[in-house]
Amino acid sequence: MEERTGRGRGLGLRPARKALNPSSSIWKPMRSCPARDPKQISAEAFRERSNPHLDDDDNLRSPNSPYLVGTCPDMCPAKERAQRERLRDLSVFERLNGNPARTSPHLAVKKFCRTISTVDIQESDIRSPPVLQRTLKYLINLVNSEEHPFEVVHDFVFDRTRSIRQDLSMQNINDDQAISMYEEMVQVHYNMHGDSLSLWYRQLSLPILQSKKMHFARALIRYSQMGNYKRFFCSLEAEASDLQLCLVEPFLNEIRAQAISYVNYSGYKLHPYPLTHLSKILMIKESELEELCHVCGLETSIDEAGMKTLPVKQTKFSLPKSGFRSYCLSAIDDVKRPIMCDDVPLPLRQTQFSLTKLR
Amino acid sequence: MAYLSMGEAHRRITDYLSRFSDAVSSQDAAVLSPLLAVSSNSASLQSLADALNVFQDSNRLVGQMERSSQLAEILSPLLRCIQSYRLGRFADAYVALEKAAKYYFVFFFCLFVSKIPTLFWFMTVWRWGFFSAFLQEFRNWETPWAMEALYTLALEIRLLAEKADRELASSGKNPEKLQGAGSFLMRVFGALAGKGPKRAGALYVACQLFKVYFKLGTVHLCRSVIRSIETARIFDFEEFPVKDKSTCNVNLAQVTYMYYTGRLEVYNENFLVADQKLTYALMHCSPRKETNKRMILKYLIPVKLSIGILPKQWLIEKYNLIEYGEVVNALKKGDLRLLRQALREHEDRFLRSGVYLVLEKLELLVYQRLIKKIYVLQKQKDPSKAHQVKLENIVKALKWLELDMDIDEVECIVAILIYKNLIKGYIAHKSKVVVLSKQDPFPKLNGKPVGS
C-alpha cells in the first residue's frame, strides 16, 4: 500500500517540473469573445474593483478604468526596456548576449509593479491580450528549458506571470481568454513546485475568483480533489465550454481511474459493477472503459445477461506508469458534443502521475 | 508649536549624540534601542526632530563631537531619517534609515564575516584605531548587546518601508521600498545565519523577512530562509525556557517563527506539521498577547478541524472567531447546507487568509456525520437491521437539507468515504444499500488528516 502524497490528486497538481506544451497553440476563438464583457462582471464586483481597499495584508488593489485598452506590442514596453537598460536592471533571461545593460524586444518581459494609480499609466505601457498570450507562451517555454537553475527561473516566471495578471486586471478582461490564461498560469505554478492553490487564490482579486468561469473552474477542482467523479462529469457536461473541455482533457483519465479504484474497493463481492452504468457516469465509451480497467491492472467480466462488468475487491489495482492514452469524451447524447480530441492538439500532456493510495 | 531657539536646538542634538555614543561605549542596549526606534514617535525623538528642523546643519555637529564623529556614517543618515519621518516624508526617511542601518550593521558585525573584500572596504572607511579597538572588544564578545539594537533596526526598516510604500503608491509612484527592505534584511540575515552567538539574531531577522514576504505576496521566498534556519540548526526549540525574562525577545521570535512556518504548512496542506508548529506557537505565546493568540487560532482551528478535533464554543467566542462557529456546528450536526452557507458567507475572509480550501475539504466529515446520524436513528428503531443503510434514505436526508443529489452521486460519496476509511463497510450496488461493519462503522480520524 503506497503512501499518498499530501497533494497531487485531481487536477493538475504535480510535484516537479514537467515539460509543458504551451497551450496557446490551441487557442482559437471558438466563438467571438469581446475583449471586455461587462455583463460577466456584476456591478458589485466592478464597484469593488474601482475602489482601492486594503485587505488583511495591506495589498492595495488597483482601481481601473473600463476604457483602458492596452496597445503595447511587445512583451515589455519600450519605455521600461530603455529605463531598465540604463539602470542595468535586467534579469539573466533578458540580457542580450549576456550584456547586463542590453536587452531586446524578444527577451525583455514586463516586470510586476505594485502601483495602484492609473493616473500615470499609458495604454502603450499595457500589453494587449494577444501579446499577453504570446508572453505567457514564452514563459512556459522558459520553464521547460532546463538551462538555468530552478530557483532563478522560478522567481523570474513568478514575477512576470504576476505582471501578466496585472495587465489583464487593469484592462478589466475577464472573458474566456483571460480565464484560460489564468488556468495555464495555475499549471505553470503547479508544475514548477506544486505550489499550493491556497496561496494562488490569495493573490487573485475577489471578482476574478467569483467570476462565473473561475467559479466553475474552482468547482471542478473541488470535485476532482474530493474524488466526486459523478458531479465532476455532470458539471463538465452541463457547463463546460469547448475550450474548458480541452484544458481539462488531460486530467479526465486520472479521475476515471480514481473512480474505478473507489468502485473496486468499496463494492460487494457478489455484485460485480456494471460497466455500462459506470461508463455513462464517466463519460467514456464502454469499450474504452473496459480498456481503462485493464490498463489499471483490473480484470473485467461478463454476467449472465451478457453485460460487461467489473468484478470488485480485486487487489491488483495500479496506475500505469506510462500514462493513459487519450479517450474521447463521450456524452450520453453524442449529438450534443462533437468528439474533439482528434481535431485539436492536446495541451499539457502529462507523463507522470500523482500517487494514489493503492489497495 | 512653541518657539525653539537655536541654542536649545543645538543642545538637544548634542544631547542625543552624547547619549548615543555613551550607549555604544558602555555597551548599553537598553539605552541605545530607543534612540533608534524612529517610528515609535517617542516624545524625545519628536523633540529632537523639531530641533533638527531648526538647526539645519546637524552633520557639522556630528563631526564636531569627538566620539560621535567616529560613528558619523551611522549618525548623519540616522538624524536625517528622524527629521524626514517627523515631516511625514516616509520614502526619504526609509532611504536614510537603510543607509544608517547598513553602516550600523557593517560596523558592528562585519567582523564576523569572513569575506575579505568587506573587511578591506571597512578598513578604508573607518579610522584604523577605532576599528581595532572594536575588533578587540568583539573578539571577547560575551553578551550580544549590539544585537538588541539590531532587532530595533530590523523592525524599523520594515515599518518605515511599509509607510514609504504607502506614501509612494498614493502619489502614483512605484512602491518599491518594501522590496528593497526585503533584499536588505536578506543580506543581514545571510551574515547572521552562521556560527557564533549572533545566530539568535538570525531568527529575529527571519521573522521580519517573513512579514515582508507575506505582505509582498512573495511567500515562496520564505523557503530559503527556512532552509538556512533549519540547516544551521539555530535552535533546539526546547532549549529556551518560556518564562525567562532575559530570553523574552528570543521567545517572541520563536513564537513568530513557528507561526509563519505553521501558516506555510497550512498552505501546503501538511496538516500534521502545521498542527505541531501552530500549537507550539500558541502554547508559548505570552498570556498577555491576546491578539497574537487570535492570529494563531485563525489558522490552528481549520487545521484541528481537518484532523477531527473540534474547538469548544467558548474558545471561538473568546477570541471572536465567529466565522468558524457555523463550520463547527455543521460538523457536529452533519449539516452540509450549513457548511456551504458558512463558506459562502465568509468566502472573502477565508480566501484571503488561505484557509478556504482546507475548510472545503471538511465536507467529507460532514457526510460521515450525516450518515452516522441516520444509522443511529435506525438503530433506535430496529437494532437488527440498523447496519444496512439504504442509499435512498441518504438521498432523502439530503433533500430534507434542501440539497439535491441523485442516488449515483450518493453512491459515489459513500464509495469515497469507504475508500478513505471514514466508513467501514461496502456498497451492495444492486440493492443500492451500504452495509456497515458491525464494529466501529464510523472510525474516528485519530489525528490523521481527512483525505490522507
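Residues numbered from 1 in each chain as written. Chains lettered and ligands numbered in written order. Predicted model: local features only at pLDDT ≥ 70, side-chain atom pairs only at ≥ 80, totals over all residues. Heavy atoms only, no water.

Q: Sorry if this is basic, but what is going on with the overall build of chain B here?
A: What chain B contains, in helices and strands, is 24 helices and three strands. Taken over 452 residues, chain B has a buried fraction of 56%. Total accessible area on chain B is roughly 20,300 Å²; 54% of this is exposed by carbon and sulfur atoms. (Helix = DSSP H or I, 4+ residues; strand = E, 2+ residues; numbered from the N terminus. Buried < 20%, exposed > 50% of the residue type's maximum accessible area, 1.4 Å probe, protein only. Areas by Shrake-Rupley, 256 points an atom, 1.4 Å probe, with all protein chains shown as cover.)

Q: Is there a simple way to explain the sheet that holds strand β3 (residues 308–310) of chain A in this structure?
A: Backbone hydrogen bonds hold the strands of a sheet together, and the pairing may be parallel or antiparallel. Across the sheet, which stays open at both edges, the three strands sit in the order β1-β3-β2 (chain A) with antiparallel pairing between neighbours. Taken across any chain shown, the strands that pair with only one partner, and hence form the sheet edges, are β1 (273–274) and β2 (301–302) of chain A. (Pairing = 2+ DSSP bridges.)

Q: I'm lost on a positive patch on the surface in this one. Help?
A: All names here are of chain B. Together, Arg 80, Lys 99, Lys 102 and Arg 187 make up a region of like positive charge exposed at the surface. The residue Lys 99 is located in helix α7 (residues 90–109) in this model. Residue Lys 99 is classed as partly exposed on the basis of its relative accessible area, which comes to 40%. (Patch = residues over 30% accessible without salt bridge, like charges linked within 9 Å, V, L, I, M, F, W, Y side chains within 5 Å. Salt bridge = Lys/Arg side-chain N within 4 Å of Asp/Glu carboxyl O. Lys, Arg positive; Asp, Glu negative; His and termini not counted. Charge placed at Lys NZ, Arg CZ, Asp CG, Glu CD.)

Q: Looking at this structure, how should I read the sheet that holds strand β2 (residues 425–428) of chain B?
A: Residues and elements named next belong to chain B. Across the sheet, three strands lie side by side as β1-β3-β2; this open sheet has antiparallel pairing. Across the chains shown, the open sheet's two edge strands, defined by having one partner strand only, are β1 (388–390) and β2. Shown here is a sheet whose adjacent strand axes are inclined to one another by a mean of 20°, direction ignored. In this structure, β1 lies alongside strand β3 (residues 433–436), joined through three bridges in antiparallel fashion. For Lys 390, the partnering residue across the bridge sits in β3 and is Val 433. With respect to the sheet, helix α24 (residues 407–419) is in contact with β2 and β3, its orientation differing from that of β2 by roughly 155°. (Axes fitted to C-alpha atoms, helices over the stretch in contact; angles between N-to-C directions. Contact = heavy atoms within 4.5 Å.)

Q: Sorry, what's going on with the environment of A:Cys293 here?
A: Residues and elements named next belong to chain A. With respect to the helices, strands and loops of the structure, Cys 293 is situated in helix α12 (residues 286–295). When the C-alpha atoms of Cys 293 and Ala 257 are compared, they prove to be 7.7 Å apart, with 36 residues separating the residues in sequence. Leaving out residues up to four positions away in the same chain, Cys 293 has contacts with Ile 260, Leu 275, Leu 298, Thr 300 and Leu 310.

Q: Sorry, what's going on with the UniProt feature "domain: PCI" (unreviewed entry) in chain B here?
A: According to UniProt, the feature "domain: PCI" (unreviewed entry) maps to residues 255–441 of chain B in the numbering used here. Overall, residues 255–441 of chain B shows 66% helix and 6% strand. The separation of its end C-alpha atoms is 40 Å. (UniProt positions renumbered as here; feature names shortened; annotations may be inferred.)

Q: Help me understand the layout of surface pockets in this model?
A: Size it by volume and the largest pocket reaches roughly 1,600 Å³. Those elements that provide at least two residues to the lining of the largest pocket are α2 (78–86) and α4 (150–170) of chain A together with α11 (177–192) and α12 (199–216) of chain B. It is α4(A) that contributes the most residues to the lining of the largest pocket, nine residues altogether. When its residues are assigned to classes, the lining of the largest pocket shows 17 nonpolar, 14 polar and 16 charged. (1 Å grid on protein atoms, 1.4 Å probe; cavity = no way out; pocket = protein on both sides within 12 Å on 5 of 7 lines; lining within 4 Å. Points joined across faces, edges and corners; volume = space filled by probe spheres on them. Nonpolar A, V, L, I, M, F, W, Y, C, P; charged D, E, K, R; others polar.)

Q: Please explain the pairing of β3(B) as it appears in this structure.
A: Sheet faces and side chains relate simply in a regular strand, where the side chains alternate between the two faces. All names here are of chain B. Here β3 shows two buried faces, one formed by Val 433 and Val 435 and the other by Val 434 and Leu 436. Two strands pair when backbone bridges link them, and β2 and β3 are joined in this way by four bridges, in the antiparallel orientation. By the bridge assignment, Ile 427 is partnered in β3 with Val 434. Joining the antiparallel neighbours β2 and β3 is a turn of four residues, in which Lys 432 adopts a positive phi near 55°.

Q: Sorry if this is basic, but what is going on with α12(A) here?
A: Three- or four-residue spacings in an α-helix give side chains the same orientation, since the helix completes a turn every 3.6 residues. Residue and element names in this part refer to chain A. Inspection of α12 places Glu 288, Leu 289, Glu 290, Leu 292 and Cys 293 among the buried residues, and these make up the whole buried set. Buried residues in α12 make contact with α10 (242–266), α11 (275–281) and β3. Gly 297 sits one or two positions beyond α12 and adopts a positive phi of about 85°.

Q: Even after reading the chapter, I still don't get the pattern of salt bridges, so can you show me in this structure?
A: Side chains carrying opposite charge are able to pair once their charged atoms draw close together. Residue and element names in this part refer to chain A. Within this structure, the stated rule accounts for 35 salt bridges over all chains. Measuring nitrogen to oxygen at the nearest pair gives 3.5 Å for the salt bridge that ties Lys 79 to Asp 125. On the criterion of sequence distance, the pair formed by Lys 79 in helix α2 and Asp 125 in the loop between α2 and α3 (129–144) is long-range, its members being 46 residues apart. Overall, Asp 125 belongs to the buried group, its relative accessible area being 15%. Note that Arg 325 is salt-bridged to Glu 291, the shortest N-O span being 3.3 Å. Residue Arg 325 is located in the segment after β3, and its partner Glu 291 is located in helix α12; the two are separated by 34 residues in the primary sequence.

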